Amino acid sequence: MNRVLRYLLISFGLLLLGYGCDSAEAVPTGEAGKWLYLGPDGGEHPFRYGDLVTVAGPEARVRSVFSSRDTVIPLEGTPWPDSLAQGASFLKLRTVAGGGDLSDLTRQPFQYRIGEREYWASFEPAFTGFPEYARPESKDFVNHLSDWSATTPGLQYSEYTVPVTEPQPVVVLAERNRSQYLDNLIVVLDTLTAGEYRGRVVRDGQVVPITLRKLGLRESSYTPQSFVDYVNQGYSRSFLLIPPSRTREGAGVVDAKRLPRRSLIDAGDLGNISASFLDDGTVLFLSNDHIVLQGGYVLDLDKGLLTVSDDTDASYRVFVDTRQGITFTLPVSVVELEGSRLRGEDNYLRIEVVE
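Each chain carries its own residue numbering, running from 1 in the written order of its sequence. With pLDDT at 70 or above as the cut-off, local features in this predicted model cover only qualifying residues; side-chain atom pairs require 80 or more to be listed or tallied, and sums for whole chains, interfaces and linings still use all residues. Hydrogens and water are ignored here; the side-chain numbers use all heavy atoms of the structure.

J.: What exactly am I supposed to notice about the overall build of the protein chain here?
T.: A run of H or I in DSSP becomes a helix once it reaches four residues, and a run of E becomes a strand once it reaches two; helices and strands are each numbered from the N terminus. When helices and strands are tallied, the protein chain shows 2 helices and 23 strands. With 355 residues in all, the protein chain has 48% of them scored as buried. Of all intrachain contacts in the protein chain linking residues separated by at least 6 positions in sequence, the fraction that spans at least 24 positions is 54%. Counting every atom, the protein chain has about 17,200 Å² of accessible surface; 49% of that belongs to carbon and sulfur. Note on classification: 1.4 Å probe, protein chains only; a residue is buried when its accessible area is under 20% of the maximum for its type, exposed when over 50%, partly exposed between these limits. The contact definition used throughout considers only heavy atoms, calling two residues in contact when any of these lie within 4.5 Å. Only the protein chains shown count as cover for residues, with accessible areas throughout obtained via the Shrake-Rupley method and a probe of 1.4 Å.

J.: In this structure, what is going on with helix α2 (residues 224–233)? I would like to understand it.
T.: Given 3.6 residues per helical turn, the α-helix brings residues three or four places apart onto the same face. For α2, the complete set of buried residues consists of F227, V228 and V231. Looking straight down α2, one finds that the buried residues subtend no more than 95° of arc, so they occupy a single side. On its buried face, α2 is in contact with β17 (274–277), β19 (291–300), β21 (315–321), β22 (326–338) and β23 (341–354). Think of the arc as the fan of directions from the helix axis to the C-beta atoms.

J.: Any chance you could explain a nonpolar patch on the surface here in plain terms?
T.: To count toward a patch, a residue needs a relative accessible area over 30% and no salt bridge; like charges are then connected within 9 Å, while nonpolar side chains (Val, Leu, Ile, Met, Phe, Trp, Tyr) are connected within 5 Å. Put simply, a salt bridge is a Lys or Arg side-chain nitrogen that is within 4 Å of an Asp or Glu carboxyl oxygen. Taken together, the side chains of L264, L337 and L342 define a hydrophobic patch exposed on the protein surface, amounting to about 270 Å² of accessible area. Relative to the helices and strands, L337 resides in strand β22. Given a relative accessible area of 57%, L337 falls into the exposed group.

J.: Mind showing me how you'd approach the confidence of the model for the protein chain here?
T.: In low-pLDDT segments, the atomic positions of the prediction should not be examined closely. Per-residue confidence for the protein chain gives a mean pLDDT of 83; residues scoring 70 or more make up 84%. Every residue in residues 1–30 scores below 50 in pLDDT, and together they form 67 contacts with partners more than four places removed in sequence or on other chains. What pLDDT expresses is the predictor's confidence in each residue, scored from 0 to 100.

J.: What's the story with the environment of G325 in this structure? I'm lost.
T.: Mapped onto the elements, G325 comes out in the loop between β21 and β22. A relative accessible area of 29% places G325 in the partly exposed class. Sequence spacing of G325 and E352 is 27 residues, and the spatial spacing of their C-alpha atoms is 8.0 Å.

J.: Honestly, the nonpolar core in this entry has me stumped. Any pointers?
T.: Across soluble globular proteins, nonpolar side chains have a tendency to be buried as a group. Core analysis: the largest hydrophobic core is formed by 33 residues, its most contacted members being F123, F141, L173, L189, Y197 and L212. Of all the secondary structure elements, the ones that give two or more residues to this core are β6 (110–114), β7 (117–123), β8 (139–145), β10 (170–177), β11 (180–192), β12 (196–203) and β13 (206–214). With residues up to four places along the chain from it excluded, the contact list for L212 reads F110, Q111, Y112, F123, L189, G195, E196 and Y197. In this structure, V231, I273, A314 and I326 belong to the second largest nonpolar core, which totals 30 residues. Definition used in this section: a nonpolar core is a set of buried Ala, Val, Leu, Ile, Met, Phe, Trp, Tyr and Cys residues joined via side-chain atoms within 4.5 Å.

J.: Can you help me understand unusual backbone geometry in this one?
T.: Note on backbone geometry: most residues besides glycine have negative phi, and most peptide bonds are trans. The residue after E166, namely P167, is reached through a cis peptide bond having omega 0°. By the element assignment, P167 lies in the loop between β9 (159–164) and β10. Even without being a glycine, E137 presents a positive backbone phi close to 65°. Along the polypeptide, E137 turns up in the loop between β7 and β8.

J.: Would you mind showing me how to read the packing of aromatic side chains here?
T.: Here the distance between the centres and the angle between the planes together describe a pair of aromatic rings. A pair of aromatic rings is counted whenever rings of Phe, Tyr or Trp (Trp by its six-membered ring) have centres within 6.5 Å, and the orientation is called stacked for planes under 30 degrees apart, edge-to-face for over 60 and tilted otherwise. For the coordinates displayed, the defined rule picks out 18 aromatic pairs. Seen in terms of ring centroids, F227 and F328 are 5.9 Å apart; in terms of plane orientation they differ by 80°. Their pairing is edge-to-face. Of this pair, F227 sits in helix α2 while F328 sits in strand β22, and the two are 101 residues apart along the sequence. Through successive ring pairs, a cluster of aromatic residues spans Y222, F227, Y230, F277, F285, Y297 and F328. If you follow R135 out to its NZ or CZ, it ends over the ring of Y181, 3.9 Å from the centre. Whether a charge lies above a ring is judged from NZ of Lys or CZ of Arg, which has to be within 6 Å of the ring centre and within 35 degrees of the ring normal. Over the face of the ring belonging to F130 we find R178, whose NZ or CZ atom lies 4.2 Å from the ring centre.

Printed below as a string of structure tokens:
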């Protein structure tokens, strides 16, 4: 390892957050490898937050986990090392423990906890978002609080990518509004086993441990056809899962995202929304006087997901539970027209099918 690189990775306050250790460690002389840059943008140095730095010989390849930016930087004679001396943050990527891999990432849902809240999540094998400017290999990330108690920040992430797999996987969760990415969350996985993935959420200089525990696929007494028949033969009753808290002064604009793609309903719809599967291969959620959501569908009873795609090619994720009867949980925004603007609050609509 040449003098400049050694100075970069040792003297710049190298932050190695490996396996529960968040203190700086010295890098052995002559070691090549991969580092994830988690420091600030700007200044004279060429790095940006989320850059993967691969060191090999006299050069460093820099590739962003967020974008297509990919460049090679010579390590000798560079003018920017001194600008990194304060506050530089590098995470050394190491071989994962546990002997597992990510081959079953999309096979089953997961349960994870951050802080005081517990979440249910599924890494889907397909991508249903708007394709404009989507990252390569983007796929759907679907999640909710396990107890449906809130639409807390963090639920807005609806896409994921795995831009790095060796020597350890890096997963990026993202929120996107059509062609614009609004937010990103980096998850570095340290341990992969048959029952769980353990790692760290890295954001704003903070590191939070995370364990993704694998959940078994749901057993259902319904086949897809018997499920459809049962829904069509019964009637439905609906209600909001979270007590409405909106006030006129504190109402949020509908476009302020707290949940990913969701249906719009008004207060008059509550209690009157039902589900029906039509002979043309579409599913219909409707109130007494208008359609709430209609489109082609894919039913996954193993995970408990119903994906509905409307005539604009927008896809909505509806959660399905068949453990006691049949219930649908539809992300919604309860709206009201105030002047020329729609205002409302995100919520979950629970639809129960009654025999």
